[in-house]
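These are the residues of each chain, in order.
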Amino acid sequence: MLLFLGSYFAGMLGTVIGLGGGVILVPLLTHVFAVDIHQAVAMSLISILMTSIAGSVQFLKQEIVDLDNAMFLASATVIGAILGVQIGQSIPAAFLSMLFGLVLLLMAFLMIYKKKSTAVDQKKYPRAAYVVMIFSGALSAILGIGAGAFKVLAMDQLLRMPLKKSTATSNLMIGMTASSSALYFIAQRKFQSEMMMPLMIGVLAGALTGSRLVKHLPEKYLRVLFVIVVTFIGLQMIGKAK
Amino acid sequence: MIEKRLSKYLVLNLIVIGVLLVVCHFFSIEKMPSILYYLAILPFTVVVQIFYYQVKEKNRIAIFSLMTMIGLLISFFIGGGHG
């Protein structure tokens, strides 16, 4: 029950701040439920699949997913995910925790200094976007997060896609990326079966609540909440990296 | 049109997975990996459907992307990444 409530909260908060559940699930599993960080990464990735698929349903209904770009860029994130799985499993837990914290602090920094795409330079850089997607896929598999922030940033800045479209496309790609690394983790049994149901159902229910809640919250407060939550978790993870 | 079809397909599968997860958790926990495999393969079935649609549209980039993904996954799982 505690796990269900915890993952419900993680899913809700993750959706409200626009990051999905992974960023909160991994620290929740490692700090509160004393799960090994490598297992937490795997369990988080499998749960992300649920939220990504549920989110994609809404975006597909609204017809705002760019399927051509999703297919093209997902091939890059899958390359990254396969590399990431190999790298992530050989990284010591303390270093992984430190890396997780640093990535979160980078996300908070990017949110504070986020620039809107300029109308002057409308040139597209598909090759650069492809490279960023490989990096984003690897990060997703190493840390157990969707890494949607990096995907959206690349589509926004390098492919000049509108924010709503890039968010929807990124959401579909998160599922494709997570599934390739999740297949590996499932085959290796890197999860605790008895925890999976409350975790997945909880994070899914939380994400659905969060998506309704987010419509009523002003963007300014969401940004402040994002920076506070992400910075706090980032520092916690760095502090615990012993 | 494919978007509407895909969203219905995903909703149906999510409901089935949700029910299977609950049943497995309470009655047959050892079957959990099979349900998780089902969930993990689901996005790839979506990719295949998009691919089928785009082949009809003769989109070469889509064909390249799918071939890359399938090739990578096969080499990853057969070529030792699995073990």
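Provided above is the structure to which this section pertains.
Residues numbered from 1 in each chain as written. Chains lettered and ligands numbered in written order. Predicted model: local features only at pLDDT ≥ 70, side-chain atom pairs only at ≥ 80, totals over all residues. Heavy atoms only, no water.

Draft legend 1. Inspection of the overall build of chain B at higher detail. A count of helices and strands for chain B gives three helices and zero strands. Looking at chain B alone, contacts between residues at least 24 apart form 44% of all its contacts between residues at least 6 apart. Per element, the accessible surface of chain B, about 4800 Å² overall, is 73% carbon and sulfur. (Helix = DSSP H or I, 4+ residues; strand = E, 2+ residues; numbered from the N terminus. Contact = heavy atoms within 4.5 Å. Areas by Shrake-Rupley, 256 points an atom, 1.4 Å probe, with all protein chains shown as cover.)

Draft legend 2. Representation of the packing of aromatic side chains within the structure. All names here are of chain A. Summed over all chains, the structure comprises three aromatic pairs over all chains. Where phenylalanine 4 meets tyrosine 8, the ring centres are 6.5 Å apart and the plane angle is 25°; that geometry is what we call stacked. One end of the pair is phenylalanine 4 and the other is tyrosine 8, both in helix H1 (residues 2-16) and four residues apart, which spans about a single turn. Judged by relative accessible area, which is 25%, phenylalanine 4 ranks as partly exposed. The partly exposed category is assigned to tyrosine 8, whose relative accessible area is 26%. Each ring, one from tyrosine 184 and one from phenylalanine 185, has its centre 5.7 Å from the other, and the planes form 70°; the classification is edge-to-face. In this structure, tyrosine 184 and phenylalanine 185 share a single accessibility class: buried. (Phe/Tyr/Trp six-rings, centres within 6.5 Å; stacked < 30°, edge-to-face > 60°. Buried < 20%, exposed > 50% of the residue type's maximum accessible area, 1.4 Å probe, protein only.)

Draft legend 3. Structural view of the nonpolar core. Core analysis: the biggest nonpolar cluster contains 104 residues, and Ile46(A), Met196(A), Leu21(B) and Leu36(B) have the highest contact counts within it. Looking at which element gives the most residues to this core, the answer is helix H3 (residues 37-61) of chain A, with 14 residues. Those residues in contact with Ile46(A), other than ones at most four positions away along the chain, are Ala182(A), Ile186(A), Phe191(A), Met196(A), Met200(A), Leu36(B) and Leu39(B). (Core = buried A, V, L, I, M, F, W, Y, C linked by side-chain atoms within 4.5 Å.)

Draft legend 4. View of the packing of helix H2 (residues 22-32) of chain A against H3(A). Residues and elements named next belong to chain A. Relative to each other, H2 and H3 sit at 140°, their axes nearing to 9 Å. Remark: the crossing between H2 and H3 carries right-handed chirality. Where H2 abuts H3, its residues Gly22, Leu25, Val26, Leu29 and Thr30 lie against Ile37, Ala40, Val41, Met43, Ser44, Ser47 and Ile48. Taken together, the residues that form the contact of H2 with H3 break down as eight nonpolar, four polar and no charged. (Axes fitted to C-alpha atoms, helices over the stretch in contact; angles between N-to-C directions. Left-handed = near helix turned anticlockwise from the far one by under 90°. Nonpolar A, V, L, I, M, F, W, Y, C, P; charged D, E, K, R; others polar.)

Draft legend 5. Focus on the interface of chain A and chain B. At the interface, 43 residues of chain A touch 44 residues of chain B. Taken together, the two surfaces of chain A and chain B that pack against each other cover about 3800 Å², and 82% of this comes from carbon and sulfur. If you sort the residues of chain A by the area they bury against chain B, Met71(A), Leu183(A) and Met197(A) come out on top, with a joint share of 18%. Viewed at the interface, chain B and chain A are joined by one salt bridge. We note a salt bridge from Lys4(B) to Glu63(A), for which the minimum N-O separation is 3.3 Å. On the surface where chain A and chain B come into contact, there are one residue pair in polar contact (both at pLDDT 80 or more). It is helix H4 (residues 67-90) of chain A that provides the largest number of residues to the side of chain A that touches chain B, a total of 11 residues. (Buried area = accessible area lost by both parts, 1.4 Å probe. Salt bridge = Lys/Arg side-chain N within 4 Å of Asp/Glu carboxyl O. Polar contact = N/O pair within 3.5 Å; in protein donor to acceptor, adjacent residues only side chain to side chain.)

Draft legend 6. Layout of a nonpolar patch on the surface. Residues and elements named next belong to chain B. Among the surface-exposed residues, Val11, Ile15, Val19, Val22, Val23, Phe26 and Phe27 lie close enough to one another that they form a single nonpolar patch of about 680 Å² accessible area. Relative to the helices and strands, valine 19 resides in helix H1 (residues 2-27). The exposure class of valine 19 is partly exposed, given its relative accessible area of 49%. (Patch = residues over 30% accessible without salt bridge, like charges linked within 9 Å, V, L, I, M, F, W, Y side chains within 5 Å.)

Draft legend 7. Examining the environment of Ala108(A) more closely. Residue and element names in this part refer to chain A. Along the polypeptide, alanine 108 turns up in helix H5 (residues 93-112). It is 9.9 Å that separates the C-alpha atoms of alanine 108 and phenylalanine 232, two residues lying 124 residues apart in sequence. When residues no more than four places from it in sequence are discounted, the contact partners of alanine 108 are Phe226, Val227, Val230 and Thr231.

Draft legend 8. The arrangement of helix H6 (residues 126-143) of chain A in detail. Residue and element names in this part refer to chain A. Between its first and last C-alpha, H6 extends 25 Å over 18 residues, near the 26 Å set by a 1.5 Å rise per residue. Buried within H6 we find Ala129, Tyr130, Met133, Ser136, Gly137, Ala138, Leu139, Ser140, Ala141, Ile142 and Leu143. After H6 finishes, the residue glycine 144 shows a positive phi value of roughly 75°. (Expected span 1.5 Å × (residues − 1).)

In short, shape yes, function no, at least from these values alone.
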